[in-house]
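An overview of the molecular structure
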Amino acid sequence: VYNECEKIKASFPFPYKPYDIQEQFMKALYSALDQGKVGIFESPTGTGKSLSLICGALSWLADYEEKRRQEATALLQEGEASLSASAAPPSSSSSASAEPDWITDFVQKKAERDLVSKLKEEELKRKKREERMEMIRNNLHLKYASKRKSCEEDEAFKLLQLSKEEQTGTSGDQEDEELVVAEYESEDESKSEDEDDEELVEEHVTKIYYCSRTHSQLAQFVHEVQKSPFGTNISLVTLGSRQNLCVNEEVRRLGSIQHINDRCMEMQKNKHGEKKQHHEDGAKRKRGPPKSVCPYNKALALQQMRDEVLGTVQDIEQLLKLGKETKACPYYSTRLAVPPAQLVVLPYQMVLHEATRRAAGVQLKGQVVIIDEAHNLSDTLSCIHSTELSGAQLCRAQSQLTQYADRYKNRLKAKNLMYIKQILFVIEGLIRVLGGECKVGQNPQSQTTQAGTEMYTINNFLFKAQIDNINLFKVLQRYFEKSMISRKLGGFVEKYAVLLIFHHTPCTLLRAVPSTDQQGASEADKVLSASPMMQVEGFFLALTNSNTDGRVVLQKQGTLSESSVKFLLLNPAVHFAQVLKECRAVIIAGGTMQPVSDFKQELLFSAGVKEERITEFSCGHVIPPENILPLVLCAGPSGQELDFTFQNRDSPQMMDETGRILSNICNVVPGGVVCFFPSYEYSRRIISHWEASGVLIRLGNKKKIFQEPKKANQVEQVLNEFSRCIQVIGGVTGAILFSVVGGKMSEGINFSDDLGRCVVMVGMPYPNIKSPELQEKMSYLDKHLPHSHGKNPGQALVENLCMKAVNQSIGRAIRHRGDYSSIVLCDRRYARPATLAKLPAWIKNRTSTHSSFGPAFAALRKVRMTHKSAPKSLLHLD
């Protein structure tokens, strides 16, 4: 791969002289993009992965665009030359062959003229696009006419109506008109409307979509772009949700994402209603009270902000500031900027979930997608497409929709009433399978059922719920989307404070009465923090998956409100396949991608990707070999074998030996020690044992003790205190932090320098093998994936889940070239060759196994003597 890359690209623009591994990374990335590969790229944190991705990918994009320009110019010149040559009069020939020659000549000339016209048109578009971007970058804003025709303004605004998010309402004098579902059109009737909307979509240039898990990671990536050589000449747009991008304080203070979305949509509809009423001819209409519209959603301001977004690289915080200054909505401005943007930065959901992708205006055909922090990509896909409904939510949805239909039954068209009844029929079927009872004219009644978990295929579940006769595709994909019944119902509930108060048995209902008092409003906010109908809509969508790709889990807790029904996606490849199929190239990157075998099998091969399309790249770390000391510890100081299997880990001897290990480590390791336990429950038990035996007091005499907090909002406070204790000079030398694998501190937090001079892994964090969901997943893999090396795919899944969690946790310590740390793996099972092979290469190649504690302890002491204390730094969060 590297020899081939060197022919393609010899050097890359970079803000400083890159490391050798960065050059190798960029060459491999360039080659993968150029050849349309699916690449799995592993580069440890601290090796400049983000900059390598930026400079490698954007170098390819610039070269690709230049190559296309040259090819188009050559074709255009060739076509014009061919037309000029054919302009000469044809030579005389016999009358018998004149007519066929004339026809052939005409067809050939027409094809050449069409080709030249098309090339000229594309060249003109490209030049206009480049001139526009040049004007934007020079802060020469395009001039807009002061007066626009109403039809032109309507068309510009239609670009904002992404994926049918808004429906044009009718302004009138009838009460609650905005809450009543509009007349539902059939598929044939609405086809022409869809086609018209598609014609308004702006053409997308070739672009790179970069996605990551969190907004903080995306912001960090944008800052790296700003520092790169491409920071001034790349058109970048950052996408986010309304909750992240809204600048209207009236809407932002609503808090929940559902309320923010609903209020934004209502304001959109009010604006359309005003326009329609303003342009309407005929007799005067009786006007109702003025409706609120968003002052930040004006076509001219949106277009101007769009230009500024394209002209300067900005993260979400900068977008919010710009939106407030220009009185323009960042949410809609950024979506307008997607088609001409060269680099689009966005969260996972907007790429991996089809409906969200469509709503955001993301088009993947022929584009490049880079998925960063992708070590949990399979789990992320499964979580995005899995959904759960509680009995309480089902009861609320059933009661609210029933009241909605009763209130507006005289104003709803027959087709709307038919579909609403079908939705109610399905909801009541779900209530019944959870042990509830639905009677005509009554609220759902809860029956006492035996607690337990049941697992069904999709078809068997539909039969059990007696809803197999309902066409979920038609009900869901057409009616929910077109009628926007979920949003209408949400508005109805918010206005009339339709509340359900759950008791242990029957569900008691407060009838629909307009909410006027503050107490009622606050209670409504509490109950409606998430629209139950939105959850129902998501569950309906999940049930349209293939019967083999998912399972339905019934969890009965004795009462209806506490029971739940959950859709579990077993085959994430089915939703990733479209991304892989449409994109020119897909790059899956991360700091620790090992083990990749199950990743390739479960997500790539199962999605139809051939082996020859997949390329892998893994590089070492930039730190020198002596800066990391990974140890596998098979026995403790007293000679006790370290076997933290479920049967042995609770023994007093094993817990005491663990305490002795930590005590010895704290004697020789300066600064901070981070100790990971396999679960919260085991962490609680072993710390309780140490409190009773006095081990905790002895540890506290050497280092200040901190524990991972139970609440997420306390994490930052604990980490800040931990950081301060590291820097205190006195009798206590640093601090020790007890954390949990897969918990709040095992991902996204950097324990660099003195914050993490040693990371201790106690036992192996295997998932709960008795979990019905895990057992179903293992059974599915055993049935559908090939067996390799004499091991079942289900068992391989369990081992890979364990080692992925280990790799994420132990990678917290080494964060830059000058950092150093020790990694102590306390369990004899880590010494198995198959387990060692699943460690990242840069750790595995330096790992030593010790059957006794003495040599390991000597190695730890040597590390302390070799390295002087590094500069003490504050905690880094990524």
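In this convention, every chain numbers its residues from 1, walking through the sequence in written order. Residues qualify for local features only when their pLDDT is at least 70, as the model is predicted, and side-chain atom pairs are given and counted only at 80 or more; totals for whole chains, interfaces and linings, by contrast, use all residues. Water and hydrogen atoms were dropped before computing side-chain values, which therefore reflect all heavy atoms in the structure.

1. Topic: the overall build of the protein
Each helix and strand in the protein was counted, giving 34 helices and 24 strands. Here the protein holds 878 residues, and the buried ones make up 52% of them. Contact criterion: two residues are considered in contact whenever any of their non-hydrogen atoms come within 4.5 Å of each other. Counting only contacts in the protein whose residues sit at least 6 apart along the sequence, the fraction spanning at least 24 positions is 81%. Strands here are runs of E lasting at least two residues and helices are runs of H or I lasting at least four, both read from the DSSP assignment and numbered beginning at the N terminus. Only protein chains enter the accessibility calculation, which uses a 1.4 Å probe; a residue whose area is less than 20% of its type maximum is buried, one above 50% is exposed, and one in between is partly exposed.

2. Concerning the sheet that holds strand 21 (residues 758–762)
When DSSP locates at least two bridges between a pair of strands, those strands are taken to pair. Taken in spatial order, the seven strands of this open sheet run 18-19-17-21-22-16-23, and their pairing is parallel. Two strands close off the open sheet at either side, each with one partner strand: strand 18 (704–707) and strand 23 (848–850). Each adjacent strand pair in this sheet contributes to an overall mean axis angle of 20 degrees, direction not counted. Strand direction decides the pairing type here: strand 17 (residues 672–677) and strand 19 (residues 735–740), joined by six bridges, are parallel. Residue Phe 676 lies in a different strand from strand 19, and its bridge partner there is Ser 739. In this fold helix 29 (residues 715–726) packs onto strand 17, strand 18 and strand 19, with an angle of close to 150 degrees to the strand it touches most, strand 19. Only the stretch in contact is used when fitting a helix axis, every axis being a line fitted to C-alpha atoms; angles between N-to-C directions are given from 0 to 180 degrees.

3. Quick notes on the pairing of strand 5 (residues 368–371)
Residues of strand 5 alternate between two faces, with Val 368 and Ile 370 on one and Val 369 and Ile 371 on the opposite face, all of them buried. Relative to strand 5, strand 2 (residues 208–212) runs parallel, the two being bridged by four bridges. Note that in strand 5 the partner of Cys 211 across the bridge is Ile 371. The pairing of strand 5 with strand 14 (residues 585–590) spans four bridges and is classified as parallel.

4. Concerning the sheet that holds strand 5
Sheet architecture is open: seven strands sit in the order 3-4-2-5-14-1-15, paired in parallel fashion. Each having just a single partner strand, strand 3 (236–238) and strand 15 (614–618) make up the two edges of the open sheet. Adjacent strand axes in the sheet meet at a mean angle of 15 degrees, parallel and antiparallel pairs treated alike.

5. A short note on the environment of Arg 815
If you trace the backbone, Arg 815 turns up in the loop between helix 31 (793–810) and strand 22 (821–826). With relative accessibility at 8%, the residue Arg 815 sits in the buried group. Expressed as a C-alpha distance, the spacing of Arg 815 and Val 622, which sit 193 residues apart in the sequence, is 10.0 Å.

6. Thoughts on the packing of helix 30 (residues 772–784) against helix 31
Running from amino to carboxyl end, helix 30 crosses helix 31 at an angle of 130 degrees, the nearest separation of the two axes being 7 Å. Taken together, the axes of helix 30 and helix 31 are oblique relative to one another. Where helix 30 abuts helix 31, its residues Leu 774, Lys 777, Met 778, Leu 781 and Asp 782 lie against Pro 793, Gly 794, Gln 795, Leu 797, Val 798 and Leu 801. Under the scheme applied, nonpolar residues are Ala, Val, Leu, Ile, Met, Phe, Trp, Tyr, Cys and Pro; charged residues are Asp, Glu, Lys and Arg; polar residues are all the others, including Gly. A breakdown of the residues in the contact of helix 30 with helix 31 according to their chemical character gives seven nonpolar, two polar and two charged. Any angle that is under 35 degrees is reported as roughly parallel, and any over 145 degrees as roughly antiparallel; angles of 65 to 115 degrees are reported as roughly perpendicular and all others as oblique.

7. Some thoughts on the pattern of salt bridges
Every case where a carboxyl oxygen of Asp or Glu lies within 4 Å of a side-chain nitrogen of Lys or Arg is listed as a salt bridge. Counting across every chain of the model gives 21 salt bridges. The salt bridge partner of Lys 227 is Glu 224, with a shortest N-O separation of 3.3 Å. Placement of both Lys 227 and Glu 224 in helix 7 (residues 215–227) is noted, with a separation of three residues, approximately one turn of the helix. You can call Glu 224 buried: its relative accessible area is 17%. With a shortest N-O distance of 3.0 Å, Asp 819 and Arg 757 are connected by a salt bridge.

8. Some remarks on the packing of aromatic side chains
The aromatic pairing rule takes the rings of Phe, Tyr and Trp, using the six-membered ring of Trp, and pairs them if the centres are within 6.5 Å, calling planes under 30 degrees apart stacked, those over 60 edge-to-face and the rest tilted. The tally for this structure, following the rule as stated, stands at 20 aromatic pairs. For the pair Phe 461 and Phe 539, a centre-to-centre distance of 6.4 Å together with 80 degrees between the ring planes defines the contact as edge-to-face. Taken as a pair, Phe 461 in helix 19 (residues 458–464) and Phe 539 in helix 23 (residues 532–542) lie far apart in primary sequence, 78 residues in all. Under the relative-accessibility criterion, Phe 461 is labelled buried at 0%. Note on Phe 539: relative accessible area 0%, which makes it buried. In textbook terms, an aromatic cluster arises when at least three aromatic residues are bridged by ring pairs, as seen for Phe 677, Tyr 682, Trp 690 and Phe 738. When the ring centre of Tyr 331 is taken as reference, the NZ or CZ atom of Arg 335 above it lies at 3.8 Å. Ring-over charges, as used throughout, are those where CZ of Arg or NZ of Lys falls within 6 Å of the ring centre and within 35 degrees of the ring normal. Its guanidinium or amino end placed over the ring of Tyr 820, Arg 757 lies 3.8 Å from that ring's centre, counting from NZ or CZ.

9. Brief notes about helix 18 (residues 414–433)
Here, expected helix span is obtained from the residue count minus one, scaled by 1.5 Å. Compared with the 28 Å implied by 1.5 Å per residue over 20 residues, the 29 Å span of helix 18 between its first and last C-alpha is a close match. Taken residue by residue, helix 18 has Asn 416, Tyr 419, Ile 420, Ile 423, Leu 424, Val 426, Ile 427, Gly 429, Leu 430, Ile 431 and Val 433 as its buried positions.

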